[in-house]
Amino acid sequence: TIATNMAGRGTDILLGGNAEFMARLRVREALLPKIVKPEDGDLAFEKKGNLGKAKENKWKVKDGLYPCDISSEASAALANAVEKAIANWGERSLEILEAEDRLSFACEKGPTDDEAFLAIRDAFTKIEGEFETFTKKEKEEVLQLGGLHVVGTERHESRRVDNQLRGRSGRQGDPGSTRYFLSLEDNLFRIFGGDKIQNMMSMFRVEDMPIESGMLTASLDSAQTKVETYFYDIRKQLFDYDQVLNSQREKVYFERRKALKSSDDKLKEVMLEYSEKTIDDIVKANIDTSVPVAEWPLDGLASKCAQYCKLMNDLTEDVLRAEASKGGVEGLRNYLVKRGKDAYLQKRGEIEALQPGLMTEAERYFVLSQTDNLWKEHLQAIKFVQQAVGLRGYAQKDPLIEYKLEGYNLFVEMMAQIRRNVIYSVYQFEPKRKVEEGPEQQQQGQGGDDGSIGSRKKKDKEEQVPLITG
């Protein structure tokens, strides 16, 4: 038996062969071609009369798998079972999964009154009995030879995998043995120090001589333990890094689900919140509270608000300075927040007058599209951060803490950018009704912007949202 490092689970190796499994395969290759629906490609070949290219029996197993040919009695029972199945279930009428389920049930001992199931079970039992007479003889021969012997050609980095390979032999009370043949050039020996052993053998002029030592085996186990600890630390570190991104992912998906499932009123509240926070960002970015009110660049602030919302074009430096003189930065902020909310409500009323429900659809689309685009950019950015923070260790800083700080700052900026882009798109949204056009007009109008959500999709990547400062 050739064992790989992908050890099987749940299935023991039966010495001499598995008669039950082989009997099921024999019934399967006779039954399924008659009751399973043909695939489109096979059906096309059959219609053309080219049965050579059609997979006439793709369930047929390789020659030599079965220990013997079945008797005429078993063959007659199998043919009868196929006829009963066709009569009861229809010829080539079942999906492949349904047919496999029925075959599995028929080959077991569950109670049933279905003639097809009973006929299949009878044929299966006879075939299994015939195969079992041969597998028992072969099992006796294998037992006399010492059972299953597992040969390993290299020790794995994990002892768990080695033990799984050893466990393939000696199952269910059967005899068996395991032996590993290692080379000084294996990766694990390089970790352990195979070069020293090789140099020592060269010095004593020992060539192609096998080495067996309990001390060597113990040293290899120790090396495997160190490697396991090393990989465990790597997995634990990756888990800690993934937790940072996972918490951000949950927040983004929560906001996305909220946009998908929110009612008109809830979405309206979200837009008003976006408007207020965006005005706060603009005020903080353009006003320095440490200088006198007379020196505030209110002209630039008015221009920046007008950039975000066309309905605030009437803002002037004099109006803003009067508000700032009355209540300072808080009074200025309250005034601009009120203007921003009024502008949103006015825009919403105009759009709803054109078509009820259109504004809600547009707002939902803006939230989803901006969230998706900026989240993908954020994933790329935070991947670069994860690669770069490793160098912070040379400055005696914990890379994980630095990654959390950098990731948090990027996440806060991304959420703010989503908010700004959405409210800017809402302010700029100007739908137009589509007019029935002739073929010539349609050709001339291709590529134009009609202000609809569809045209907004084409412009999303081209349109630049203004900065909150500058």
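Predicted model only: the values in this text are computed from it and were never measured.

Criteria and thresholds
Residues numbered from 1 in each chain as written. Predicted model: local features only at pLDDT ≥ 70, side-chain atom pairs only at ≥ 80, totals over all residues. Heavy atoms only, no water. Disulfide = S-S within 2.5 Å. Buried < 20%, exposed > 50% of the residue type's maximum accessible area, 1.4 Å probe, protein only. Helix = DSSP H or I, 4+ residues; strand = E, 2+ residues; numbered from the N terminus. Phe/Tyr/Trp six-rings, centres within 6.5 Å; stacked < 30°, edge-to-face > 60°. Lys NZ or Arg CZ within 6 Å of the ring centre and 35° of its normal. pLDDT = per-residue confidence, 0-100. Contact = heavy atoms within 4.5 Å. Core = buried A, V, L, I, M, F, W, Y, C linked by side-chain atoms within 4.5 Å. Expected span 1.5 Å × (residues − 1). Bend = angle between axes of the 7 residues up to and from the residue.

A. Highlighting the state of the cysteines. Applying the stated criterion across every chain yields a total of 0 disulfides. In this structure Cys305 is not part of a disulfide, and its nearest cysteine sulfur, from Cys309, lies 9.1 Å away. Classification of Cys305 by relative accessible area gives buried; the value is 2%.

B. Broad picture of the environment of Met312. Note on placement: Met312 falls in the loop between helix H11 (298-308) and helix H12 (317-354). For Met312 and Ala343, which are 31 residues apart along the polypeptide, the C-alpha to C-alpha distance reads 7.3 Å.

C. The arrangement of the packing of aromatic side chains in detail. Applying the stated criterion to the full structure yields 8 aromatic pairs. With 5.6 Å between their ring centres and 15° between their planes, Tyr66 and Phe131 make a pair best called stacked. Of this pair, Tyr66 sits in the loop between helix H2 (40-47) and helix H3 (72-89) while Phe131 sits in helix H5 (residues 115-144), placing them 65 residues apart in sequence. Comparing Tyr66 with Phe131 shows no difference in burial state: the two are buried. Note on Tyr230 and Phe231: the rings are 5.4 Å apart at their centroids and 65° apart in plane angle, and the pair reads as edge-to-face. A residue is classified by how much of its surface remains accessible, and Phe231, at 32% relative accessible area, is partly exposed. Chaining the aromatic ring pairs together yields one cluster made of Trp89, Phe105 and Phe117. Arg121 extends its terminal NZ or CZ atom over the ring of Phe105, reaching a point 5.8 Å from the ring centre.

D. View of the confidence of the model for the protein. Scored by pLDDT, the protein comes out at a mean of 81, with 82% of its residues at no less than 70. Between residues 50-54, whose pLDDT stays under 50, and residues either more than four places distant or in other chains, the model counts 7 contacts.

E. Looking closely at the nonpolar core. Grouped together as the largest cluster of nonpolar side chains are 54 residues, with contacts concentrated most on Leu301, Leu320 and Leu336. Listed by contribution, the elements that provide at least two residues to this core are helix H9 (214-261), helix H10 (264-286), H11, H12, helix H13 (358-388) and helix H14 (399-428). Among the elements that take part in this core, H13 stands out by supplying 11 residues, more than any other. Membership of the second largest hydrophobic core comes to 34 residues, among which are Ala23, Tyr66, Ala77 and Ile120.

F. Spotlight on H12. Between the first and last C-alpha of H12 there are merely 34 Å, a value that for 38 residues lags more than 12% behind the 56 Å anticipated at 1.5 Å per step. Of all the bends found along H12, the most pronounced is centred on Gly327 and spans about 125°.

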